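Next come the chains, spelled out residue by residue.
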Amino acid sequence: MDLGDGSIREGRQVEYEYAPAASGMFTICLTVKNDAGYVHTAREAVCIGPAFRRGDVNDDRRIDIADAICTIVYLFGDAAAPAAVSVARCPDTADANDDGTIDIGDPVKVLGHLFAQRGPLPEPFAACGGDPTADGLGCTDHAACGK
Ligand SMILES: [Ca+2]
Ligand SMILES: [Ca+2]
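Parameters at a glance
Residues numbered from 1 in each chain as written. Chains lettered and ligands numbered in written order. Predicted model: local features only at pLDDT ≥ 70, side-chain atom pairs only at ≥ 80, totals over all residues. Heavy atoms only, no water. Donors = N, O, S within 2.8 Å, 3.2 Å for Na, K, Ca; no water. Tetrahedral: all angles 85-135°; square planar, octahedral: opposite > 155°, others 65-115°. Disulfide = S-S within 2.5 Å. Helix = DSSP H or I, 4+ residues; strand = E, 2+ residues; numbered from the N terminus. Axes fitted to C-alpha atoms, helices over the stretch in contact; angles between N-to-C directions. Parallel < 35°, antiparallel > 145°, perpendicular 65-115°, else oblique. Contact = heavy atoms within 4.5 Å. 1 Å grid on protein atoms, 1.4 Å probe; cavity = no way out; pocket = protein on both sides within 12 Å on 5 of 7 lines; lining within 4 Å. Points joined across faces, edges and corners; volume = space filled by probe spheres on them. Nonpolar A, V, L, I, M, F, W, Y, C, P; charged D, E, K, R; others polar. Buried < 20%, exposed > 50% of the residue type's maximum accessible area, 1.4 Å probe, protein only.

1. Considering the coordination of the calcium ion (ligand 2)
- Every protein donor of the calcium ion (ligand 2) is accounted for by D95 (OD), N97 (OD1), D99 (OD), T101 (O), D106 (OD) and D106 (OD), and the metal-donor separations fall at 2.2 to 2.6 Å.
- If you look at the calcium ion (ligand 2), its six donor atoms make angles of 52 to 163° with each other, and the shape they trace is irregular.
- Along the chain, the residues donating to the calcium ion (ligand 2) fall in the pattern D-x1-N-x1-D-x1-T-x4-D.

Have a look at this one:
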């Protein structure tokens, strides 16, 4: 079984624990062989880590101008400010353009969504979910999505 993070396990029953920092979407590939030589492979995408909603930076279940301001405070303000602390708990929420980094392009993306009809943010946006793209940001706590 290919566990999607570079780990391979074999056996009739496989249990595996992802690294504590692992989050995002992983594709698990299960290959089954029998004594007659038949081989079957199945793939399944699974979300590891807490769910979040992209753009809800201040964790209040809404996406509005306050979320763009939170990201700006995180980038340019006091690291101990509540807005910056909120970003630190779930950096994936602030990565509004899903490029794997948090920079000024992210609050600009939120403002474009809110005021310039530039479309939705990348998923998970319509509902809580895992990050479909691998990056180094992660999320440890996003109460709006149940954790
Ligand atoms: Ca919000
Ligand atoms: Ca970004």
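2. A word on the state of the cysteines
- Across all of its chains, the model carries two disulfides by this definition.
- Put simply, C90 and C139 are joined by a disulfide, and their sulfur atoms are 2.0 Å apart. On the sign convention where negative means left-handed, the S-S torsion of about -110° between C90 and C139 marks this disulfide as left-handed. In this pair, C90 sits in the loop between α2 (82–89) and α3 (91–94) while C139 sits in the segment after α4 (105–115), placing the two residues 49 residues apart along the sequence.

3. Here we look at the packing of helix α1 (residues 65–76) against α2
- Contact pair α1 / α2: the axes reach a minimum separation of 8 Å and the direction vectors enclose 95°. By the criterion of interaxial angle, the relationship of α1 to α2 is roughly perpendicular. Residues C70, T71, V73 and Y74 of α1 pack against A83, A84 and V87 of α2.

4. Concerning the layout of surface pockets
- There is about 380 Å³ of room inside the largest pocket.
- As for the largest pocket, its lining consists of 13 residues, of which E10, G11, T31, V32 and K33 are closest to the centre.
- Classifying every residue of the lining of the largest pocket gives five nonpolar, three polar and five charged.

5. Examining the packing of α1 against α4
- Where α1 contacts α4, the two axes come as close as 9 Å, and the packing angle between them is 170°. On the basis of their axis angle, the class for α1 and α4 is roughly antiparallel. Seen from α1, the contacting residues are I65, A68, T71 and I72; seen from α4, they are D106, P107, V110, L111, L114 and F115.
- Looking at the contact of α1 with α4, its residues break down into eight nonpolar, one polar and one charged.

6. Digging into the coordination of the calcium ion (ligand 1)
- The protein atoms that coordinate the calcium ion (ligand 1) are D56 (OD), N58 (OD1), D60 (OD), R62 (O), D67 (OD) and D67 (OD), at distances spanning 2.2 to 2.6 Å.
- Around the calcium ion (ligand 1), the six donor atoms sit at angles spanning 52 to 165°, and that spread fits a shape best called irregular.
- Residue classification places N58 among the partly exposed residues on the basis of a relative accessible area of 22%.

7. Some remarks on unusual backbone geometry
- In this chain, E123 is followed by P124 through a cis amide linkage whose omega measures 0°.
- Even without being a glycine, R61 presents a positive backbone phi close to 70°.
- With respect to the secondary-structure elements, R61 resides in the loop between β2 (39–48) and α1.
- The exposed category is assigned to R61, whose relative accessible area is 57%.
- For Q117, which is not glycine, the phi dihedral falls at a positive 50°.
- Within the fold, Q117 resides in the segment after α4.

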